[in-house]
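Structural description and commentary
Spelled out, the chains give:
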Amino acid sequence: KGFINIFSSGSNMSSELTDFDISIISNLYKEYGFNKTQITYELIEQFRNSYVLKFYIKENQRISFSDIEFNILSERLSLILNDEHSLLVKKLEKNGNFYDSQLIDSHILKINSILTSNSFFNRAFKYEILSNNENYTLSINEFILEPVYVNQIFIDGNKITKDKTIRSKLNFEPGDFYNPEKLMDSKKRLEELKYINSISISEIQNNDSKDIYLSVDENLKTGNILFA
């Protein structure tokens, strides 16, 4: 294409953007349980300076749960969370028992919030997928947190995105009880933004508190003109 193409329907070809698109598509498939998806692409010339970009996607097998287990340390907590766990089972059954990260992450976030509201500040839940001969089990487990608090949150690498924009996407702040699940949830939430490629998180512990460092890799090559 020519260089004066702002108002045309096509766009200039960039291998960096194409690789970025493949990463987005692959991550989307993983969110729905397709962990072995294979994605390739081909650039097909139609006529001079005009091409079609064609993606080939081989989905392969999707994770389907044959069992769901809840490992809860406290009997009182088991009673408190019983309705929420029953609701998760129903939602998964309605979804054909297929893996859906948004559905499961939402459940983990909800029950961790219930823990806090019921003064279980030193406990949290996380999940893992257990595999045995292509049979998958969703295991939701309670664990004890160390008595550690968030001290300061530092952000670097953001040349365009303001600090306050990034902080608004975090579900923890200084003074909160340190919860690694909240860190991972915030990381995922930030990486879903179109203008952020990835987030690296590191921690430095000082006695009973931790400083959290967020390193931001922004998507500076979107191929679009952005109007502020």
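The structure contained in this document is the topic of the report that follows.

What counts, and at which threshold
The residue numbering used here restarts from 1 in each chain and proceeds along that chain's sequence as written. Where totals are concerned, whole chains, interfaces and linings use all residues; where local detail is concerned, this predicted model gives features only for residues with pLDDT of at least 70, and gives and counts side-chain atom pairs only at 80 or more. Only hydrogens and water are set aside when side-chain values are computed; all heavy atoms of the structure are taken into account. Between any two strands, at least two bridges found by DSSP are needed for them to pair. Under the DSSP-based scheme used, a helix requires at least four consecutive residues in state H or I and a strand at least two consecutive residues in state E, with every element numbered from the N terminus. Every angle, taken between N-to-C directions, lies between 0 and 180 degrees, and every axis is a line fitted to C-alpha atoms, over only the stretch in contact when it is a helix. The contact definition used throughout considers only heavy atoms, calling two residues in contact when any of these lie within 4.5 Å. Buried residues are those whose accessible area, probed at 1.4 Å on protein chains only, stays under 20% of the maximum for their type, while exposed residues exceed 50% and partly exposed ones sit between those limits. Residues belong to one nonpolar core when they are buried, are Ala, Val, Leu, Ile, Met, Phe, Trp, Tyr or Cys, and are joined through side-chain atoms within 4.5 Å.

1. Observations concerning the sheet that holds strand E6 (residues 149-156)
- Taking strand neighbours across the sheet as the criterion, the three strands line up as E6-E8-E7 in an open arrangement whose pairing is mixed. For this open sheet the edge positions go to E6 and strand E7 (196-206), each flanked by a neighbour on one side alone. Neighbour-to-neighbour, the strand axes of the sheet open up by a mean angle of 20 degrees, direction not taken into account.
- Where E7 meets strand E8 (residues 209-218), ten bridges bridge the pair, whose relative direction is antiparallel. Within E8, the residue paired with Ser200 across the bridge is Ser215.
- Relative to E7, helix H5 (residues 180-191) is tilted by about 155 degrees, and along the sheet it contacts E7 and E8.

2. Points about the sheet that holds strand E3 (residues 65-71)
- Pairing within the open sheet is mixed, and its three strands lie in the order E3-E5-E4. Both outer strands of the open sheet, E3 and strand E4 (123-132), are each paired with one neighbouring strand and no more. Sheet twist, expressed as the mean angle between neighbouring strand axes with direction ignored, is 20 degrees.
- In this structure, E4 lies alongside strand E5 (residues 135-144), joined through ten bridges in antiparallel fashion. If you follow Glu128 over to E5, its bridge partner there is Ser139.
- Of the strands in this sheet, E3, E4 and E5 are in contact with helix H2 (residues 75-94), which crosses E3 at around 165 degrees.

3. Quick word on the side chain of Thr18
- Note on placement: Thr18 falls in helix H1 (residues 15-31).
- Classification of Thr18 by relative accessible area gives buried; the value is 2%.

4. So, the nonpolar core
- Judged by nonpolar contacts, the single largest core of 19 residues is most densely connected at Phe65, Phe125, Leu138 and Ile140.
- Put simply, the parts of the chain that give this core at least two residues each are E3, H2, helix H3 (101-117) and E5.
- Excluding residues within four positions of it along the chain, Ile140 makes contact with Glu69, Phe70, Asn71, Leu88, His107, Ile108, Ile111, Phe125, Lys126 and Tyr127.
- Grouped together as the second largest cluster of nonpolar side chains are 16 residues, Ile153, Phe172, Leu190 and Val216 included.

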